[in-house]
Amino acid sequence: MIKNLSNSIRAKGTVIAIGIMFLACVISFGFMTALFMAVHYNDNLSIAEAHELFRYYMIATLILCIVLGSSLLYLAIRKVSEPIIRISNATKEVAKGDFSIKIDYLSNDEIGVLAKNFNKMTTELGNMEYLRKDFISNVSHELKTPVASIQGFAEMLQNKNLSEENVHVYTTIIIEETKRLSNLSANMLRLSMLDHQSIPESGKLFSLDEQIRRAIVLLEEKWTKRNLELAIDLEKIDYTGDDSLTQQIWLNIIDNAIKFSRDSGTISIQAKKTADVVVVRIQDQGMGISDVDQERIFEKFYQADKSHSQEGSGLGLAIVKRIVEIHGGDIDFTSKVGQGTTFIITLPLPLE
Ligand code: ADP
């Protein structure tokens, strides 16, 4: 009961009102007793004088009740409204973009809860602002690097005395950097579209094992160049989903497995189906991911291994994660530095 009182402004208000009424009663009772004594012990008092005295006592009681009651009410209202005014002013600061503002008001009542939630909100907004700034600085960095390199090599190409070999090297770099820019903008566009999508756009029935085989063929040039062996074990799986999106999952994960493998290693690709899910495992024997990096690899633009940063933009896994989420699935991985990484993608099957 006492705990409930301290948790509710309505209860506090009721207690204050009862207190003021009680005080008024005590004051009235005190004055009435004083009046009774004055009349009772004064034998010489005429009726008119007694009436006059009674009037004075009534007016004095009324004035005292009004003055004391309204002073107490004013103090109580001020105590309740003061944090509300503070929250209102803080809201104005938030509207101006200042998310560092916090309200220092500890109480279990509704205003205390409001202040606590307000502080939580400004912390969240501050984090979002930080992420937004971080995102913008990542994008501008990723754009600036290839643009600067294209500009530099294009200027060098203007030199008329360049050998044919150098012209070839410089134009190859320009073409590579242009491809990188084009991939980056395509990936950013894809991610932004996926961020606004919550369910697969087209629910088509297709062969998932065939799709994974096609991804392996599309990446053939890359894995043969590294002399990698592929151990493929794919069950026949019919799956309903957005086939152009799921294709991205296999292309990105297998591409990473190739990129981070040592030459002449083995990549195992396995797909199994149970009554309600499809589980795809892609395992490499590459460099692995450190414990610190493991927590961040799904973040946009995060690249743990800077030596391969030229070959990607750190958006691949963020895109994969989003596609898996849109299909109601789950992506997990295990990794050991120096031993390799296994990605496990689980996609739910509709109930038969
Ligand atoms: P990137 O374009 O750099 O490949 P991703 O989002 O696909 O970006 O991957 C993010 C980071 O996760 C990579 O830069 C790499 O450091 C790490 N990573 C992803 N897959 C593997 C893997 N199979 N082995 C080791 N590290 C990996």
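Residues numbered from 1 in each chain as written. Predicted model: local features only at pLDDT ≥ 70, side-chain atom pairs only at ≥ 80, totals over all residues. Heavy atoms only, no water.

### Focus on the overall build of the protein
At step 1: A count of helical and extended segments in the protein gives ten helices and seven strands.
At step 2: Relative to the globule expectation of 20 Å for 352 residues, the C-alpha radius of gyration of the protein, 38 Å, shows a markedly less compact shape.
At step 3: Looking at the protein as a whole, 33% of its 352 residues are labelled buried. (Helix = DSSP H or I, 4+ residues; strand = E, 2+ residues; numbered from the N terminus. Rg over C-alpha atoms; globule rule 2.2 N^0.38 Å. Buried < 20%, exposed > 50% of the residue type's maximum accessible area, 1.4 Å probe, protein only.)

### Brief notes about helix H4 (residues 110-157)
Note: α-helices contain 3.6 residues per turn, so residues at a spacing of three or four share the same orientation.
At step 1: For H4, which comprises 48 residues, the first-to-last C-alpha distance of 70 Å matches the rise-based estimate of 70 Å (1.5 Å per residue) to within 8%.
At step 2: For H4, the complete set of buried residues consists of Ile 111, Gly 112, Ala 115, Phe 118, Asn 119, Thr 122, Val 139, Glu 142 and Pro 146.
At step 3: Buried residues along H4 sit against helix H2 (9-40), helix H3 (47-95) and helix H5 (164-195).
At step 4: Here H4 starts with a cap whose side-chain oxygen sits 3.1 Å from the backbone nitrogen of Ile 111, and that cap is Asp 109. (Expected span 1.5 Å × (residues − 1). Contact = heavy atoms within 4.5 Å. Polar contact = N/O pair within 3.5 Å; in protein donor to acceptor, adjacent residues only side chain to side chain.)

### Notes on the UniProt feature "domain: HAMP" (unreviewed entry) in the protein
At step 1: The sites that UniProt annotates as "domain: HAMP" (unreviewed entry) are residues 78-130.
At step 2: For the annotated span residues 78-130, helix accounts for 74% and strand for 0% of the residues, and the straight-line distance between the end C-alpha atoms is 37 Å. (UniProt positions renumbered as here; feature names shortened; annotations may be inferred.)

### Thoughts on the side chain of Gln 211
At step 1: Within the element layout of this structure, Gln 211 appears in helix H6 (residues 208-218).
At step 2: Residue classification places Gln 211 among the buried positions, given a relative accessible area of 3%.
At step 3: Among residues more than four places away in sequence, those in contact with Gln 211 are Phe 206, Asp 243, Thr 246, Gln 247 and Trp 250.

### Considering the pattern of salt bridges
Two side chains bearing opposite charge may form a pair once their charged atoms approach each other closely.
At step 1: Applying the stated criterion across every chain yields a total of 21 salt bridges.
At step 2: Linking Asp 243 and Lys 204 is a salt bridge whose minimum nitrogen-to-oxygen distance equals 3.0 Å. You can see Asp 243 sitting in helix H8 (residues 243-259) and its partner Lys 204 sitting in strand S1 (residues 204-207), a full 39 residues away along the chain.
At step 3: Ionic pairing is found between Lys 321 and Glu 325, a salt bridge with its closest N-O pair at 3.2 Å. Here Lys 321 pairs with Glu 325, and both are found in helix H10 (residues 316-326), just four residues apart, close to one helical turn.
At step 4: Here Lys 321 falls in the partly exposed class, since its relative accessible area comes to 30%.
At step 5: The partly exposed category is assigned to Glu 325, whose relative accessible area is 39%.
At step 6: A cluster of three or more residues bridged by salt bridges with shared partners is formed by Asp 195, Lys 300, Lys 321, Arg 322 and Glu 325. (Salt bridge = Lys/Arg side-chain N within 4 Å of Asp/Glu carboxyl O.)

### A word on the site of the ligand
At step 1: Near the ligand lie 19 residues; those nearest to it are Asn 256, Lys 259, Asp 284, Gln 303 and Leu 317.
At step 2: In this structure, a nitrogen atom belonging to the ligand sits 2.9 Å away from a side-chain N or O atom of Asp 284.
At step 3: For the shell around the ligand, the secondary structure elements donating two or more residues are H8, H10 and strand S7 (340-348).
At step 4: Classifying every residue of the shell around the ligand gives eight nonpolar, eight polar and three charged. (Near = heavy atom within 4 Å. Nonpolar A, V, L, I, M, F, W, Y, C, P; charged D, E, K, R; others polar.)

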